[in-house]
Amino acid sequence: MDRFLQGRTALVTGSTSGIGLAIAQALAAAGARVAINGLGTAEQIDAALASVAATGSESRHFGADLRNPAEIEAMMAAAQDWGALDVLVNCAGIQHAAPLAEQPAHKWDDIIAINLSAAFHTMQQALPGMAARGYGRVVNIASVHGLVASKNKAPYVASKFGIV
């Protein structure tokens, strides 16, 4: 594979499993050192790190509760101390399916915070450095639900529409 990201540093939120982990692995295979972020047990996080490192690229986990802007700011500072961020991928996402009238308010808040607001907070921290260095890429992962609604997924649809 072409290692066109050799010497670059990437951060992928929601990358301890699923699509985010696959993105982290692909960025590492392209030569980037990859900061992963996401939920999971210590064993799951170690397995994710090992799978990224198997490409020959360095990886490190940066924990943060993406519902909390102060934790996002601390994560971004720590990640940028590890390596100036060249690539930011906002992939973290959660959902809770329920009719709107039965949707717990705290679930709405969590979904909007993680799926939408976290992208704002990470970009706010990453973009100034990218601009100062004259290089940066940001990829925000949306969903078909950002274009077409789905029954019982109002907060998820709203959050992904916001990303779109």
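Given a rise of 1.5 Å per residue, 12 residues ought to cover 16 Å, and the 16 Å separating the end C-alpha atoms of helix H2 (residues 42–53) matches this to within 8%. Among all positions in H2, only Ile-45, Ala-48, Leu-49 and Val-52 are buried. The buried residues of H2 occupy one face: seen down the axis, they fall within an arc of 100 degrees. Contacts from the buried residues of H2 go to helix H1 (18–29), strand E2 (33–36) and strand E3 (59–61).

Applying the stated rule across the entire model yields 1 aromatic pair. Ring centres of Phe-62 and Trp-82 lie 5.6 Å apart, and the angle between their planes is 55 degrees; on these two criteria the pair is classed as tilted. One end of the pair, Phe-62, is in the loop between E3 and helix H3 (69–82); the other, Trp-82, is in helix H3, with 20 residues separating them in the sequence. A residue is classified by how much of its surface remains accessible, and Trp-82, at 14% relative accessible area, is buried. We note Arg-8 situated over the ring of Tyr-135; from NZ or CZ to the ring centre the distance is 3.5 Å. Here Arg-33 stacks its cationic end above the ring of Trp-82, 3.9 Å away from the centre of that ring.

To continue, consider the pairing of strand E5 (residues 137–140). Where strand E4 (residues 87–90) lies against E5, 4 bridges are found, and the strand directions are parallel. Within the sheet, the bridge partner assigned to Val-87 lies in E5 and is Arg-137. In the classification by handedness, the crossover that spans E4, the intervening helix H4 (residues 105–133) and the parallel E5 is right-handed.

Moving on, we come to the pattern of salt bridges. Following the criterion strictly, the structure yields 4 salt bridges and no others. Two residues, Arg-33 and Glu-58, come together in a salt bridge whose shortest N-O distance is 3.1 Å. In this pair, Arg-33 is assigned in strand E2 and Glu-58 in the loop between H2 and E3, connecting sequence segments 25 residues apart. The shortest N-O distance in the salt bridge between Asp-65 and Arg-67 comes to 2.7 Å. Where salt bridges share partners, they join Asp-65, Arg-67 and Asp-110 into one cluster.

Parameters and conventions
- Residues numbered from 1 in each chain as written.
- Predicted model: local features only at pLDDT ≥ 70, side-chain atom pairs only at ≥ 80, totals over all residues.
- Heavy atoms only, no water.
- Helix = DSSP H or I, 4+ residues; strand = E, 2+ residues; numbered from the N terminus.
- Expected span 1.5 Å × (residues − 1).
- Buried < 20%, exposed > 50% of the residue type's maximum accessible area, 1.4 Å probe, protein only.
- Arc of directions from axis to C-beta.
- Contact = heavy atoms within 4.5 Å.
- Phe/Tyr/Trp six-rings, centres within 6.5 Å; stacked < 30°, edge-to-face > 60°.
- Lys NZ or Arg CZ within 6 Å of the ring centre and 35° of its normal.
- Pairing = 2+ DSSP bridges.
- Right-handed = clockwise from strand over helix to strand, strands pointing away.
- Salt bridge = Lys/Arg side-chain N within 4 Å of Asp/Glu carboxyl O.

The values reported here are purely geometric and, on their own, carry no functional implication.
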